[in-house]
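Residues per chain, in single letters:
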Amino acid sequence: MTDFKYKICCMGAGYVGGPTMAIIAKNAPHIKVTVVDLNQTQIDKWNGDKLPIYEPGLDEIVKAARGKNLFFTTEIDKSIEEADMVFVSVNTPTKTNGIGAGRASNIKNCELCARTIAKVSKSSKIVVEKSTVPVRTAHAMNRVLNANTKDTGISFQILSNPEFLAEGTAVKDLMEPSRVLIGGNQDAGGLAAIQALVDVYANWVPHERILTTNLWSSELSKLVANAFLAQRISSINSISALTEKTGADVSEVANAIGMDPRIGAKFLQSSVGFGGSCFQKDILNLVYLCESFNLPEVAEYWQQVVTMNEYQKTRFATNMIKKMFNTVTGKRICVYGFAFKKDTGDVRETASGTIIKIMLDEAAKCAVWDPQVEREEMLTEFKYTHGIEHSNTPRLDDLVVTETDPYAAAKGAHAIAVMTEWDEFKTYDYQKIYDSMVKPAFIFDGRNILDHEALRKIGFEVYAIGKTVSENDPMTC
Ligand code: UDX
Ligand code: ADP
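Thresholds applied
- Residues numbered from 1 in each chain as written.
- Chains lettered and ligands numbered in written order.
- Predicted model: local features only at pLDDT ≥ 70, side-chain atom pairs only at ≥ 80, totals over all residues.
- Helix = DSSP H or I, 4+ residues; strand = E, 2+ residues; numbered from the N terminus.
- Contact = placed C-beta atoms within 7 Å.
- Near = placed C-beta within 6 Å.
- Nonpolar A, V, L, I, M, F, W, Y, C, P; charged D, E, K, R; others polar.
- Buried ≥ 20, exposed ≤ 12 C-beta atoms within 10 Å, placed from the backbone.
- Domains from an automatic or database assignment.
- Pairing = 2+ DSSP bridges.
- Right-handed = clockwise from strand over helix to strand, strands pointing away.
- Axes fitted to C-alpha atoms, helices over the stretch in contact; angles between N-to-C directions.
- Core = buried A, V, L, I, M, F, W, Y, C linked by C-beta atoms within 7 Å.

1. What to know about the overall build of the chain
On a plain count of helices and strands, the chain comes out with 18 helices and 14 strands. Taken along its principal axes, the extent of the C-alpha atoms in the chain is 75 × 50 × 45 Å. A separation threshold of at least 6 residues defines the contact pool for the chain, and within that pool the share at least 24 residues apart is 75%.

2. Regarding the site of ligand 1
Near ligand 1, the surroundings consist of 19 residues, among which Gln-269, Ser-271, Phe-274, Gly-276 and Cys-278 are the closest. At three residues, the largest contribution of residues to the shell around ligand 1 is made by helix 9 (residues 215–246). Across the shell around ligand 1, the residue classes tally to 11 nonpolar, five polar and three charged.

3. Considerations on unusual backbone geometry
In the segment running from Lys-439 into Pro-440, the intervening peptide bond is cis, with an omega of -5 degrees. You can see Pro-440 is positioned in the loop between helix 17 (430–435) and strand 13 (442–445). Phi is positive for Arg-136, which is not a glycine, with a value near 80 degrees. Relative to the helices and strands, Arg-136 resides in the loop between strand 5 (125–129) and helix 6 (137–146). Even without being a glycine, Asn-326 presents a positive backbone phi close to 65 degrees. When you line up the elements, Asn-326 lands in the loop between helix 12 (296–323) and strand 9 (332–336). Given 9 C-beta atoms within 10 Å, Asn-326 falls into the exposed group.

4. Remarks on the site of ligand 2
For ligand 2, the set of nearby residues contains 20 residues, the closest of which are Gly-12, Gly-14, Tyr-15, Val-16 and Asn-91. Among the elements that take part in the shell around ligand 2, helix 5 (residues 108–120) stands out by supplying three residues, more than any other. Across the shell around ligand 2, the residue classes tally to nine nonpolar, 10 polar and one charged.

5. Quick look at the domain arrangement of the chain
Along its sequence, the chain is carved into domain 1 (6–213) and domain 2 (249–464). Distance from the C-alpha centre of domain 1 to the C-alpha centre of domain 2: 32 Å. Counting from both sides, the interface comprises 14 residues of domain 1 and, opposite them, 16 residues of domain 2. Class assignment for the residues of the side of domain 1 that touches domain 2 results in seven nonpolar, five polar and two charged.

6. Re the environment of Thr-34
Structurally, Thr-34 can be placed in strand 2 (residues 31–36). Counting along the chain gives 59 residues from Thr-34 to Pro-93, while the straight-line C-alpha distance between them is 24 Å.

7. Examining the pairing of strand 6 (residues 156–160)
For strand 6, the tally of buried residues reaches five of five residues, placing the bulk of the element in the interior. On strand 6, burial covers both faces: Phe-156, Ile-158 and Ser-160 on one face and Gln-157 and Leu-159 on the other are all buried. The pairing of strand 5 with strand 6 spans five bridges and is parallel. The partner of Lys-125 across the bridge, within strand 6, is Phe-156. One crossover worth recording links strand 5 to the parallel strand 6 by way of helix 6, and it is right-handed.

8. Focus on the pairing of strand 9
Buried residues dominate strand 9, accounting for four of its five residues. As paired strands, strand 9 and strand 10 (residues 365–369) are joined by five bridges and run parallel to one another. Bridge pairing in strand 10 links Tyr-336 to Trp-369. Taken together, strand 9, helix 13 (residues 351–361) and strand 10 constitute a β-α-β crossover, and its handedness is right-handed. Where strand 9 and strand 12 (residues 415–418) come together, four bridges link them in parallel fashion.

9. Some details on the sheet that holds strand 13
The parallel open sheet is built from six strands, whose spatial order is 11-10-9-12-13-14. What marks the edges here is a single partner per strand, and that holds for strand 11 (400–402) and strand 14 (461–464). Each strand axis lies, on average, 20 degrees off the axis of its neighbour in the sheet, ignoring direction.

10. Some details on the nonpolar core
Within the largest apolar cluster, 77 residues are counted, with the highest numbers of intra-cluster contacts made by Ile-283, Ile-333, Cys-334, Val-335, Ala-415 and Ala-417. Other than its neighbours up to four places away in sequence, Val-335 contacts Ser-352, Ile-356, Cys-366, Ala-367, Val-368, Ala-417 and Met-419. Membership of the second largest hydrophobic core comes to 57 residues, among which are Leu-159, Leu-181, Ile-182 and Ala-193.

Listed below in structure tokens is the structure:
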């Protein structure tokens, strides 16, 4: 196609790149949007019938724009070359070795993108950093990009445009963002680049919601936003440990404090622990950054949000074992949910994985049911986050089975652990489930979504986060 006046290329067709570009394509039909990836399978899925990620509403949007102004390809060089603006939306996993291992993000993919862009570009471009990155990554990318452009007449402007979408609500978050943040250099070239990106978003986002800042504020804001959100969850989870001891109810406390508009009601849902690809990673990044600037007290303050999350997961699993007569050895544990939250098939850093790991360490058998998660994804998460794989756990396929329906998963189980807040978990026939389980039949509701009284009437022994069975029988952990 030659009649597009503006062309965007996005490097990385993942959870962020795919949906973000689909929404740009939908709202700016005059812009040609090409999403590229090194991974051919991923691109084939974006071009196929079943998209590689599940997001409510995304399917229709992609299929309506695909082949018109939205394209998915592995022709990386060509797509960059023809683009006016290149988004970098690649994964930046936590480093597993070397300096900052376990905390700092590895930005090698970003650097690689910068090198590719520098190599193939025959004209000046705006490069937009979309991946969540450590502060000052733009600076590093800028140096790589502009290192070899002397005497070529080509220049690159780098912008930071962090993504605030949450999985499961990506389409809504992108269509009606609370804000779009664009950071750039404050010189004439930088301001012009900022304006070019403002013009892209202005196709559907009201101007007052588009914020522009300097590069570092934009990069840091992403880490800080996630740290604050995660902090709320860890705060209410810390209180759940206390309410279990005292006979108070964490949901009532959350409701009571959330009605104060200064506190607000959102992100106060106590749970088995937060997961996802962002929260832990971004906080650890923040911690590492603080340490690098010799701010140990600040680092420790934020580290505690992650520590509390680990505690919550371990506490939940320990409580399960305790309630089941101090042993789960050989017992079948039915796990409802492996996704890190509802309405997504994403399993990265899911609390469900930690609970299953602890159950496996205790020689239990797990039967997992999740409406969206594929077994392969689960095994990948076991391997990368918990180091569990067939080579070191030869009976893995026997110890963790995946079922294709909730009733099969519960059959013969001693307990059900609710790990994800999928709405459909509330709609099952729990009498039928109860009848098929070993007695006493336990339910451990790690999301506080089920009707506990109704379940108790059926005969289940129910334990939930931050709740006591009765004031005389506090759930001791
Ligand atoms: C998060 C941020 O919300 C988003 O702005 C950013 O761009 C990426 O990181 P995401 O990881 O998709 O998004 O999910 P989010 O909805 O924030 O939930 C994260 C985790 O916290 C999930 O495991 C969720 O179940 C848990 N959670 C959330 C709670 O346990 N309680 C709550 O009240 C809210
Ligand atoms: P995110 O949640 O940040 O979107 P994902 O892991 O879902 O992260 O997606 C990142 C995508 O980026 C992957 O599909 C990966 O193959 C792709 N990718 C990584 N490095 C490059 C690169 N140098 N060029 C193009 N794509 C890349």
